[in-house]
Amino acid sequence: MVSLDIDADAVVTLRFMPPYQPADERAYLDALHRIGEREEPYTLLTIFGGGRALSQAGEREQALWFKATRERVSRFCRACAIVRPDASEKTAEVFRRLWPFPIVAEREEAAGRAFLLGHYSGTRS
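As the structure is a computational prediction, the values presented were derived from the model and not from experiment.

Novice: Help me understand the nonpolar core in this model?
Specialist: In a soluble, globular protein the nonpolar side chains are often hidden away together inside. Grouped together as the largest cluster of nonpolar side chains are 24 residues, with contacts concentrated most on L14, Y28, I35, Y42, L44, V73 and F101. Residue assignment for this core shows that the elements contributing at least two residues are β1 (2-6), β2 (11-16), α1 (24-37), β3 (42-48), α2 (56-76) and β4 (77-83). Per-element accounting of this core gives the leading share, five residues, to α1. Not counting the four nearest positions on each side in its chain, F101 is found in contact with V73, S74, C77, R78, A79 and C80. Of all hydrophobic cores here, the second largest spans nine residues; its members include L45, A81, V104 and L116.

Novice: Is there a simple way to explain helix α4 (residues 109-119) in this structure?
Specialist: Helical periodicity: at 3.6 residues per turn, an α-helix aligns residues three or four positions apart in one direction. Listed as buried for α4 are G112, F115 and L116. Projected down its long axis, α4 carries its buried residues within an arc of 95°, all on one side. In this structure, α4 carries A110, A114 and G118 as exposed residues pointing more than 90 degrees from its buried face. Looking at the buried positions of α4, the neighbouring elements they touch are β2, β3, β4 and β5 (103-106).

Parameters and conventions
Residues numbered from 1 in each chain as written. Predicted model: local features only at pLDDT ≥ 70, side-chain atom pairs only at ≥ 80, totals over all residues. Heavy atoms only, no water. Core = buried A, V, L, I, M, F, W, Y, C linked by side-chain atoms within 4.5 Å. Buried < 20%, exposed > 50% of the residue type's maximum accessible area, 1.4 Å probe, protein only. Helix = DSSP H or I, 4+ residues; strand = E, 2+ residues; numbered from the N terminus. Contact = heavy atoms within 4.5 Å. Arc of directions from axis to C-beta.

Below, the structure written as structure tokens:
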């Protein structure tokens, strides 16, 4: 299951969770494209259930998305929390090499949300 939600605090939440469906990879990549189109400040909460990898074509499309949107995402995203069962500081370090905004890796959604709300709210300047 893939979902993309935006709340009143400008927290963009991307979930990629079981039960997995055949169309999930396409939905995930489409969600990335929607995030990459945003032109308003936001924070990003990604929640992954683990156990599901992208196909080789999906990995390639994700890498192309990164290259195409890196500047825009870097401009508008204020912070990112990565939530997944195997999250660790090493996970966060990998993503900090890719993005200029604060990034944390957590195992609990509440901890990820707390990190984001501590860094930015859509109502703050």
